[in-house]
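Listed below, chain by chain, are the residues.
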Amino acid sequence: MSGEFLIRQLADGDWDAVVALEHDAYAADGLSEGREALRSRARCSPETCWVLEQHGVVRGYLLSLPYPPLRCPDLAVAEAGAFESDNLHVHDLVLAEELRGRELAAKLMEHAQARAAEGGFAQISMIAVRGSDILLRFYGYRAHREVAVPASYGRRAVYMSRPVG
């Protein structure tokens, strides 16, 4: 990644920025889950949660956690505990609005993919919201329309997955 951006592990001091980015990205669509729910997911797997930093400022993040295949967290409910699974679920990926369209989301996903391979995960899953399933197909994700996605994700949400590697 260029010297301007750094992907690093999410740290305790990053939460104000993460919550602000999440709120800006999702609140208008009713998809914002808030600090405690976000933190509950990161506590399940802190080693699979990263931020995108630019000049010392958090400008994006990716939260992921092991989760059973063909299942996903409910945005309305905090995680009660961690799962053991060979599926790494990318729960949330957000960039500051002015950074979108610069392939930085792809860089964060490539980082997650590489860490998933190193960690022995067999597949990566995520929920596509707001029509993003079209773009995710380009990155090798397959839609699983048979999976019931919690209503908290909105009516167009689609569960998707791809093999690691």
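The preceding data block contains the structure.
All of the points below concern the structure found in this document. (Residues numbered from 1 in each chain as written. Predicted model: local features only at pLDDT ≥ 70, side-chain atom pairs only at ≥ 80, totals over all residues. Heavy atoms only, no water.)

Some remarks on the pattern of salt bridges
- By the definition in use, this model includes 12 salt bridges.
- The salt bridge partner of Arg39 is Asp12, with a shortest N-O separation of 3.8 Å. Here Asp12 lies in the loop between strand 1 (5-9) and helix 1 (15-26) and Arg39 lies in helix 2 (residues 35-44), a separation of 27 residues in the sequence.
- For Arg39, a relative accessible area of 25% puts it in the partly exposed group.
- In this structure Asp12 comes out as exposed when scored by relative accessible area, which is 65%.
- One connected set of salt bridges, linked through shared partners, spans Arg8, Asp14 and Glu53. (Salt bridge = Lys/Arg side-chain N within 4 Å of Asp/Glu carboxyl O. Helix = DSSP H or I, 4+ residues; strand = E, 2+ residues; numbered from the N terminus. Buried < 20%, exposed > 50% of the residue type's maximum accessible area, 1.4 Å probe, protein only.)

Remarks on helix 1
- Helix length check: helix 1, at 12 residues, gives a terminal C-alpha distance of 16 Å against a target of 16 Å (1.5 Å per residue), a fit within 8%.
- Listing the buried residues of helix 1 in full gives Trp15, Val18, Val19, Leu21, Glu22, Ala25 and Tyr26. Within helix 1, the buried residues cover an arc of 165° as seen down the axis, which keeps them to one side. Across from the buried face of helix 1, at angles greater than 90 degrees, the exposed residues are Asp16 and Asp24.
- Looking at the buried positions of helix 1, the neighbouring elements they touch are helix 2, strand 2 (49-54), strand 3 (57-66) and strand 4 (87-95). (Expected span 1.5 Å × (residues − 1). Arc of directions from axis to C-beta. Contact = heavy atoms within 4.5 Å.)

Quick word on the packing of helix 1 against helix 2
- Running from N to C, helix 1 and helix 2 cross one another at 115°; their axes reach a closest spacing of 10 Å. In the packing of helix 1 onto helix 2, the handedness of the crossing is right-handed. Only Arg35, Leu38, Arg39 and Ala42 of helix 2 make contact with helix 1, whose side of the interface consists of Trp15, Asp16, Val19 and Glu22.
- For the contact of helix 1 with helix 2, the per-class residue count stands at four nonpolar, no polar and four charged. (Axes fitted to C-alpha atoms, helices over the stretch in contact; angles between N-to-C directions. Left-handed = near helix turned anticlockwise from the far one by under 90°. Nonpolar A, V, L, I, M, F, W, Y, C, P; charged D, E, K, R; others polar.)

Some thoughts on the sheet that holds strand 6 (residues 142-143)
- Across the sheet, seven strands lie side by side as 1-2-3-4-5-7-6; this open sheet has mixed pairing. Bordering the open sheet on either side are strand 1 and strand 6, each of which pairs with just one other strand.
- Here seven bridges tie strand 3 to strand 4, and the two strands are oriented antiparallel to one another. In the strand pairing of strand 4, Pro66 is matched with Leu88.
- Relative to the sheet, helix 2 contacts strand 2, strand 3 and strand 4, its axis offset from that of strand 3 by approximately 60°. (Pairing = 2+ DSSP bridges.)

Details of helix 3 (residues 104-118)
- Here helix 3 is 15 residues long and its end C-alpha atoms lie 21 Å apart, about the 21 Å a rise of 1.5 Å per residue gives.
- The set of residues buried in helix 3 consists of Leu104, Ala106, Leu108, Met109, His111, Ala112, Gln113 and Ala116.
- Contacts made by the buried residues of helix 3 are with strand 1, strand 2, strand 3, strand 4, strand 5 (123-128) and strand 7 (158-163).
- In the segment just after helix 3, Gly120 is the residue with positive phi, at about 80°.

What about the side chain of His89?
- Along the chain, the position of His89 falls in strand 4.
- If we ignore the near neighbours within four places in the chain, the residues touching His89 are Leu63, Ser64, Leu65, Tyr67, Arg71, Cys72, Pro73, Ser125, Met126, Ile127 and Tyr159.

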